[in-house]
Amino acid sequence: MLQGHLGKAPVWAMSIEEVQSDDERMPGDAMTDGDRRKELRVPRSALVGALQLSGLSDRHRDILEAAATLFAERGYAATSVRDIGDRVGLLGGSLYHYIKSKEALFVRIHDIALQVAEDRIRAAIAPLSDPWERLEAACVTMMEIQLDPNSLTMPLMNDFASAPPEIRERLVEKRDTFELVFRDLIAALPLDPTLDRGVYRLLLLTLLNNVSSWYRPGRLTPDEIGRQIVKIFRHEK
């Protein structure tokens with residue numbers, strides 16, 4: 001979405017409980033396949049819900065969830081296919097039955113999660129007709145996504161630059177599609193005609209995507225920050 005324009009675009013979120021590693025278990029505790037699946041599915045996140053509707057097998061969903069967690073914990077470069085296999089209890093040959101490569105897996109997780117974020121924003125603006133109220137609902141939802149303390153969004157998206165260039169190009173394609181949501185919202189605003197809507201959009205999204213770098217819980221909630229941002233950007237005819 002914005003990586004090609006702004007260099008940084010953390011816009012999607014997945015709240016998945018971190019999976020307990022083998023070295024955190026008590027000596028003698030064996031992890032069965034059922035244990036792994038149980039740990040990976042609790043609590044149920046937006047990503048997990050999307051995977052449940054994907055028609056994938058339980059094992060395939062486990063692999064995607066485990067990979068998302070590992071990419072966030074260790075970064076793309078430091079996560080190997082073997083790490084993912086160890087997390088779900090599969091050897092290399094069996095794991096490649098479900099995935100083509102680490103690169104393809106990263107792209108797939110990114111695309112699913114970004115679609116979940118887009119769906120969440122569209123659901124928030126759907127009942128509204130006033131252009132400013134629609135923009136406010138979108139910004140508030142973005143803040144809720146960005147500032148969720150249990151989200152894997154920030155560590156994943158901050159690691160974007162470590163992915164190979166060909167992978168980044170594929171990720172940007174999906175982000176560009178996501179950006180259309182805000183392009184349409186801004187096109188409907190009764191802005192001062194002297195304002196360039198393209199510049200307006202880029203400035204707004206740059207701000208939304210970087211709030212997490214300075215936000216600390218306390219004086220204002222994510223909801224309140226989202227509303228403040230729209231007040232600052234409200235320039236009518």
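Residues numbered from 1 in each chain as written. Predicted model: local features only at pLDDT ≥ 70, side-chain atom pairs only at ≥ 80, totals over all residues. Heavy atoms only, no water.

## Considering the pattern of salt bridges
The final tally for this structure, using the stated rule, is seven salt bridges. Notably, a salt bridge pairs Glu-118 with Arg-122, separated by 3.0 Å at the nearest N-O pair. Residue Glu-118 and its partner Arg-122 are located together in helix 7 (residues 102-125), separated by four residues, close to a single helical turn. Taking the relative accessible area as the measure of exposure, Glu-118 reaches 8% and is therefore buried. When its relative accessible area of 36% is taken as the criterion, Arg-122 is described as partly exposed. Several salt bridges share partner residues, and in doing so they unite Glu-136, Asp-223 and Arg-227 into one network. (Salt bridge = Lys/Arg side-chain N within 4 Å of Asp/Glu carboxyl O. Helix = DSSP H or I, 4+ residues; strand = E, 2+ residues; numbered from the N terminus. Buried < 20%, exposed > 50% of the residue type's maximum accessible area, 1.4 Å probe, protein only.)

## Some words on the side chain of Arg-87
Tracing the backbone through its elements, the reader meets Arg-87 in helix 5 (residues 81-88). The class for Arg-87 is buried, based on a relative accessible area of 10%. Polar side-chain contacts of Arg-87 include one of 3.4 Å to the side chain of Glu-73. (Polar contact = N/O pair within 3.5 Å; in protein donor to acceptor, adjacent residues only side chain to side chain.)

## Observations regarding the confidence of the model for the protein chain
For the protein chain, the average pLDDT comes to 76, and 71% of its residues sit at 70 or higher. Highest mean pLDDT in the protein chain belongs to helix 12 (residues 222-233) (96); lowest belongs to helix 2 (residues 33-41) (39). A low-confidence stretch, residues 1-44 (pLDDT under 50), is modelled with 116 contacts involving residues beyond four sequence positions or located in other chains. (pLDDT = per-residue confidence, 0-100. Contact = heavy atoms within 4.5 Å.)

## Looking at the nonpolar core
With 30 residues, the main nonpolar core has Leu-135, Phe-182, Tyr-200, Leu-204, Leu-208 and Ile-229 as its most contacted residues. Residue assignment for this core shows that the elements contributing at least two residues are helix 7, helix 8 (131-146), helix 10 (165-187), helix 11 (197-210) and helix 12. For this core, the leading source of residues is helix 8, giving eight residues. Setting aside residues up to four positions removed in sequence, Leu-135 forms contacts with Phe-182, Leu-185, Leu-189, Tyr-200, Leu-204 and Val-230. (Core = buried A, V, L, I, M, F, W, Y, C linked by side-chain atoms within 4.5 Å.)

## Looking at helix 10
Since the α-helix packs 3.6 residues into each turn, any two residues three or four apart lie on the same face. Here helix 10 contains 23 residues, and its C-alpha end-to-end distance of 32 Å stays within 8% of the 33 Å for a straight helix at 1.5 Å per residue. Those residues of helix 10 that fall on the buried side of the exposure criterion are Ile-167, Leu-171, Val-172, Lys-174, Arg-175, Phe-178, Glu-179, Val-181, Phe-182, Leu-185 and Ile-186. (Expected span 1.5 Å × (residues − 1).)

## Quick notes on helix 12
Compared with an ideal rise of 1.5 Å per residue, which puts twelve residues at 16 Å, helix 12 spans 17 Å between its outermost C-alpha atoms and is within 8% of the ideal. The set of residues buried in helix 12 consists of Ile-225, Gly-226, Ile-229, Val-230 and Phe-233. Projected down its long axis, helix 12 shows its buried positions confined to an angular sector of 140°, all on one face. In this structure, helix 12 carries Lys-231 and Ile-232 as exposed residues pointing more than 90 degrees from its buried face. (Arc of directions from axis to C-beta.)

## Section: the packing of helix 8 against helix 12
Helices that pack against each other are described as a pair by the angle of their axes relative to one another and the distance between those axes. Running from N to C, helix 8 and helix 12 point in directions that differ by 140°, and their axes come no closer than 8 Å. As far as their axial angle goes, helix 12 and helix 8 are oblique. Seen from above, helix 8 lies across helix 12 with right-handed handedness. Of the residues in helix 12, those in contact with Trp-132, Leu-135, Glu-136, Cys-139, Val-140, Met-143 and Glu-144 of helix 8 are Pro-222, Asp-223, Ile-225, Gly-226, Arg-227, Ile-229, Val-230 and Phe-233. (Axes fitted to C-alpha atoms, helices over the stretch in contact; angles between N-to-C directions. Parallel < 35°, antiparallel > 145°, perpendicular 65-115°, else oblique. Left-handed = near helix turned anticlockwise from the far one by under 90°.)

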